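Structure at a glance
Below are the chains, spelled out letter by letter.
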Number of protein chains: 2
Amino acid sequence: MSRKKIPDIVIGRLPIYLRALMHIDSYSQQVTSSHEIAEHLGISPAQIRKDLSHFGGFGKQGTGYNVDYLREQLQHILQVDQEWDVALIGAGAIGQAIVRYGGFHGRGFRITTVFDNDPAKISRKINHLVVMPADRLGVTIRQMGIRIAMLAVPAEHAQGMAEKIVEAGVEAILNYAPVNLVVPPKVYVQHIDPVVGLQHMTYYLEPKRDPGMTTDTE
Amino acid sequence: MSRKKIPDIVIGRLPIYLRALMHIDSYSQQVTSSHEIAEHLGISPAQIRKDLSHFGGFGKQGTGYNVDYLREQLQHILQVDQEWDVALIGAGAIGQAIVRYGGFHGRGFRITTVFDNDPAKISRKINHLVVMPADRLGVTIRQMGIRIAMLAVPAEHAQGMAEKIVEAGVEAILNYAPVNLVVPPKVYVQHIDPVVGLQHMTYYLEPKRDPGMTTDTE
């Protein structure tokens, strides 16, 4: 099976199914259904069944899915049945919040090194991690064989830092800076941009009723 | 034109086009093309033209798009040619990073109120905002007519808080907690979950070459 042939939009939903399954699992329930997963997600049961069918059958007609089995299979498909070392670039407010974030636990990632170029931050500890100087970034990432990085630097430094970490061997970047990055085609980039999520929703909201404002797009 | 008839996946890309246009605009360039936008985004020029065609023609064949005009039209379509008040629930590490985040400026949103239930945080200032007690949340959101909230509370409190803010009139929630929320169908939810972005990318990475590990999904 080629990993490239399955639509990327389907791949993007697998982590969301996995998150839902981990929630269902926490109630020690053995069997679930596409309907139950759908209730958690606002995605139709038919869509969920179709997405999962790309990877073969995970359940028998009428008997539902075994929660543990489906969870393990999704973890294996997404390659998170192992833990990946992640480098964090930037130890400002966002970087510190990332280190302290509880949502990474048991989901396949461990932040193993943090960098910043601010002398006031270097050598300080965030949880158990000591902030390293940014000029050590290339050599450290290469030595540790780190392939994934989170970029939490100001927008104006994001492109430059992206080039440095890619040169050091990073293949996947989670970018918190509100700018698009230009990287070689072999490098994967995902964005964490709260405004993109907010603007996606305001499209659907009823127009504000401020006096004098236009109230529709056409 | 009905807002519901355009595929949601297309709507989800408009904020990304808008972000790219704001970047192009910053170089004081008057005209752009689907090819240039595509270069910034790793989305094909054909896809961009097709997405934009849902909203009518924004450019003449062969002459490209006027950057300012296209930007203004996208802002209007997404209803961010105005500023929305946003309530932030949770003043922990993530909440503080959100308040300090520079990426909201000029993109349609202003955080106007912050809540927490921790007495150590209440009444403290984050930038110019004073943290309010969570038990004032319902009445404040209703009085201010706030329709959008960001939820940055621990996972175990997210569902309960979501129910409270929805009851107070919130129609759109940007959820930073790593759990799915169950809300009425009229309420929009988007998630900020770094692990979803990371897992999306690890799917595509070459398997790790640890000894004894399986190296493919089939």
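Here the structure is a predicted model, which means the values were calculated and not measured.

What follows concerns the sheet that holds strand β10 (residues 188–191) of chain A. Working definition: the strands of a sheet are paired by backbone hydrogen bonds and lie parallel or antiparallel to each other. Spatial ordering of the open sheet is given by β6-β7-β5-β4-β8-β9-β10 (chain A), a layout of 7 strands whose pairing is mixed. The strands lining the two open edges of the sheet, one partner per strand, are β6 (125–126) and β10 of chain A. Taken together, the 2 bridges between β6(A) and strand β7 (residues 129–133) of chain A define a ladder with antiparallel strand orientation. Among the inter-strand pairings, Ile126(A) is bridged to a residue of β7(A), identified as Leu129(A). Sitting on the sheet, helix α6 (residues 137–144) of chain A touches β4 (84–89), β5 (109–116) and β7 of chain A, and the angle it makes with β5(A) is about 160°. Contacting β4, β5, β8 (148–151), β9 (172–175) and β10 of chain A, helix α8 (residues 194–202) of chain B crosses the sheet at an angle of about 160° to β9(A).

Once that is clear, we can look at the interface of chain B and chain A. At the interface, 70 residues of chain B touch 70 residues of chain A. For the pair chain B and chain A, the summed buried surface comes to about 7600 Å²; carbon and sulfur atoms form 63% of the total. A salt bridge links Asp193(A) to Arg107(B); the nearest nitrogen and oxygen atoms lie 2.8 Å apart. There are 20 residue pairs in polar contact (both at pLDDT 80 or more) connecting chain B and chain A. For the side of chain B that touches chain A, the secondary-structure elements that each account for two or more residues are α1 (8–25), α2 (34–41), α4 (67–77), α5 (93–100), β8 (148–151), β9 (172–175), β10 (188–191) and α8 of chain B. Here the side of chain B that touches chain A is built from residues that sort into 42 nonpolar, 15 polar and 13 charged.

Our focus in this paragraph is the pairing of strand β7 (residues 129–133) of chain B. All names here are of chain B. Where strand β5 (residues 109–116) lies against β7, 3 bridges are found, and the strand directions are parallel. The residue bridging phenylalanine 115 from the neighbouring strand is methionine 132, located in β7. The loop that links strand β6 (residues 125–126) with its antiparallel partner β7 comprises 2 residues; one of these, asparagine 127, has a positive phi angle of about 50°.

The next point concerns unusual backbone geometry. Its identity as a non-glycine residue notwithstanding, Ser123(A) has a phi of 80°, on the positive side. With respect to the element layout, Ser123(A) can be found in the loop between β5 and β6. By relative accessible area, which is 56% here, Ser123(A) ends up exposed. With a phi angle near 60°, Gln79(B) is a residue other than glycine that sits in the positive phi range. Within the fold, Gln79(B) resides in the loop between α4 and β4 (84–89). Judged by relative accessible area, which is 6%, Gln79(B) ranks as buried.

This part covers the sheet that holds β8(B). All names here are of chain B. Spatial ordering of the open sheet is given by β6-β7-β5-β4-β8-β9-β10, a layout of 7 strands whose pairing is mixed. The open sheet is flanked by β6 and β10, the only strands paired with a single partner. Note that β8 and β9 share 4 bridges and pair parallel. Within the sheet, the bridge partner assigned to methionine 150 lies in β9 and is leucine 174. Packed on one face of the sheet, helix α6 (residues 137–144) meets β4, β5 and β7 and runs near 160° to β5.

We now examine the relation of the copies chain B and chain A. One chain copy maps onto the other through a rotation about an axis and a shift parallel to that axis. Least-squares fitting of chain B to chain A yields an RMSD of 0.0 Å, with the superposition described by an axial translation of 0.0 Å and a rotation of 180°. Each copy turns onto its partner about a two-fold axis. Of the interface residues in chain B, 100% have counterparts in chain A that sit at the interface too, so the contact is made through matching surfaces.

Rules used throughout
Residues numbered from 1 in each chain as written. Chains lettered and ligands numbered in written order. Predicted model: local features only at pLDDT ≥ 70, side-chain atom pairs only at ≥ 80, totals over all residues. Heavy atoms only, no water. Pairing = 2+ DSSP bridges. Helix = DSSP H or I, 4+ residues; strand = E, 2+ residues; numbered from the N terminus. Contact = heavy atoms within 4.5 Å. Axes fitted to C-alpha atoms, helices over the stretch in contact; angles between N-to-C directions. Buried area = accessible area lost by both parts, 1.4 Å probe. Salt bridge = Lys/Arg side-chain N within 4 Å of Asp/Glu carboxyl O. Polar contact = N/O pair within 3.5 Å; in protein donor to acceptor, adjacent residues only side chain to side chain. Nonpolar A, V, L, I, M, F, W, Y, C, P; charged D, E, K, R; others polar. Buried < 20%, exposed > 50% of the residue type's maximum accessible area, 1.4 Å probe, protein only. Least-squares fit on C-alpha atoms with pLDDT ≥ 70 in both.

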